[in-house]
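Coordinate inspection notes
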Amino acid sequence: MVHTGTMARSTLPREPHAFLVVRENQLAYQTVMRLKARHPRMTAPIVTLIGPAGAGKSHLARQLHREVLEENSATSILRTSAAEFTGKFQRAARESQIREFQKAHREKIDLLIFDDLHELQTRPEVQQQLVAMIDDLLAAGGRVLFTARQSPGEVKGLSRRLVSRCQGGILVDLQVPGDSSRRKLIEHFAGSLSFVLPEPTVAVLAKRGPSTPGELLEIVGRLRQVRTKGPISPDDLASFLATTATSLSLNEIAKRVARHYGLKLTDLRSASRLSSLVTARHVAMYLAREIGQSHFATIGDYFGGRNHASVMYACQRVEKLKDSDLALSSDLDQLTAAMSR
């Protein structure tokens, strides 16, 4: 959770690129930016930004965060996620500090940015806390931005009270970009990485590559890493995409990891936090990236709807431990060898 005030600029992570407003997301951008100040026509200043993994929801939320602080650096912004909010509430409950938790999350907040609302679907007690928080914040003149994979009314398990709060505000979709917008995004991402892609290569990638901005950013980054001398031609790109397409499927990698650890595939994909499952799940995510060449968002969706940040953390953890943890190193060697046959 990031609770920011006058020092917020220094605590915000740097973005490699600004949020690019393409035709398909102009309405979403304009609606979210109405929260920079309490818009006079917004009777309930709540915006729920809806879109698939990789659509740019979190990026747009960070853009709002920055623009609000640029207008007034003293603005108090609380940035959190369903997972983080849940974890802090559960810790407060265990330590008999519910009142302290409520005070920290309800007082002197001008703007709440809450990611991954859909992940609260199995947490009724946390939803109750969030509804009370929203009511207190709005009563004090605050504003709220949610991000979610689905419209709140379509998420099974969300309480009627929470859904009604969202529906009392504005629901807005981030649309999947069309061909011309994908070209602009590819050029935008390549430019932010100081990476030149010839126009014919950009055109091929826009047509044959992934569809969401997050996936396009990821594949541009990978192209930059594998680049040899000279520009990447359309033929080079076609070979790269073909290699990616012939990799083992995510489902097949997960099956093999589950079998290696003596687990059920359903357990590996569940929300369980048992240590034995967490290690195996992290290994599966890591191999899905290294061998399967799957996108972070795709892996997260497969493993129970986790966000891309969770997948990145899992991959980084395995990468960090594989040289010092002999058991983990042995597991990776065995699995990698078996999957390369």
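Our structure's up above, just so we're on the same page.
What counts, and where the lines are drawn
- Residues numbered from 1 in each chain as written.
- Predicted model: local features only at pLDDT ≥ 70, side-chain atom pairs only at ≥ 80, totals over all residues.
- Heavy atoms only, no water.
- 1 Å grid on protein atoms, 1.4 Å probe; cavity = no way out; pocket = protein on both sides within 12 Å on 5 of 7 lines; lining within 4 Å.
- Points joined across faces, edges and corners; volume = space filled by probe spheres on them.
- Helix = DSSP H or I, 4+ residues; strand = E, 2+ residues; numbered from the N terminus.
- Core = buried A, V, L, I, M, F, W, Y, C linked by side-chain atoms within 4.5 Å.
- Buried < 20%, exposed > 50% of the residue type's maximum accessible area, 1.4 Å probe, protein only.
- Contact = heavy atoms within 4.5 Å.
- Phe/Tyr/Trp six-rings, centres within 6.5 Å; stacked < 30°, edge-to-face > 60°.
- Lys NZ or Arg CZ within 6 Å of the ring centre and 35° of its normal.

If you roll a probe as big as a water molecule over the atoms, it shows you where there is empty space left. Space inside the second largest pocket adds up to approximately 1,000 Å³. As for the second largest pocket, its lining consists of 45 residues, and the residues nearest its centre are G214, L217, E218, F296 and H308. Mapped by element, the contributors of at least two residues to the lining of the second largest pocket are α3 (57–71), α8 (179–192), α10 (213–226), α14 (275–290), α15 (296–302) and α16 (308–321). The element contributing the most residues to the lining of the second largest pocket is α10, with nine residues.

Formed by 27 residues in total, the largest nonpolar core has its most connected members in L112, F114, L117, L120, L130 and F146. A per-element tally of this core places helix α6 (residues 124–139) first, with seven residues. Not counting residues within four places of it along the chain, the set of residues in contact with L112 comprises L78, T80, L130, M133, L137, R143, V144 and L145. Judged by nonpolar contacts, the second largest core, of 25 residues, contains L268, A284, Y302 and L328.

Glancing now at the packing of aromatic side chains. Taken as a whole, this structure holds six aromatic pairs when the rule is applied. Where F114 meets F146, the ring centres are 5.7 Å apart and the plane angle is 75 degrees; that geometry is what we call edge-to-face. A residue pair is termed long-range when its members are at least 10 positions apart, and F114 in strand β4 (residues 111–115) and F146 in strand β5 (residues 143–148) qualify at 32 residues. As far as the burial class goes, F114 and F146 line up, both buried. Here a set of aromatic residues connected by ring pairs shows up, and it is made of F85, F89, F101, F114 and F146. Positioned over the ring face of Y302 is R269, at 3.7 Å from the centre of the ring.

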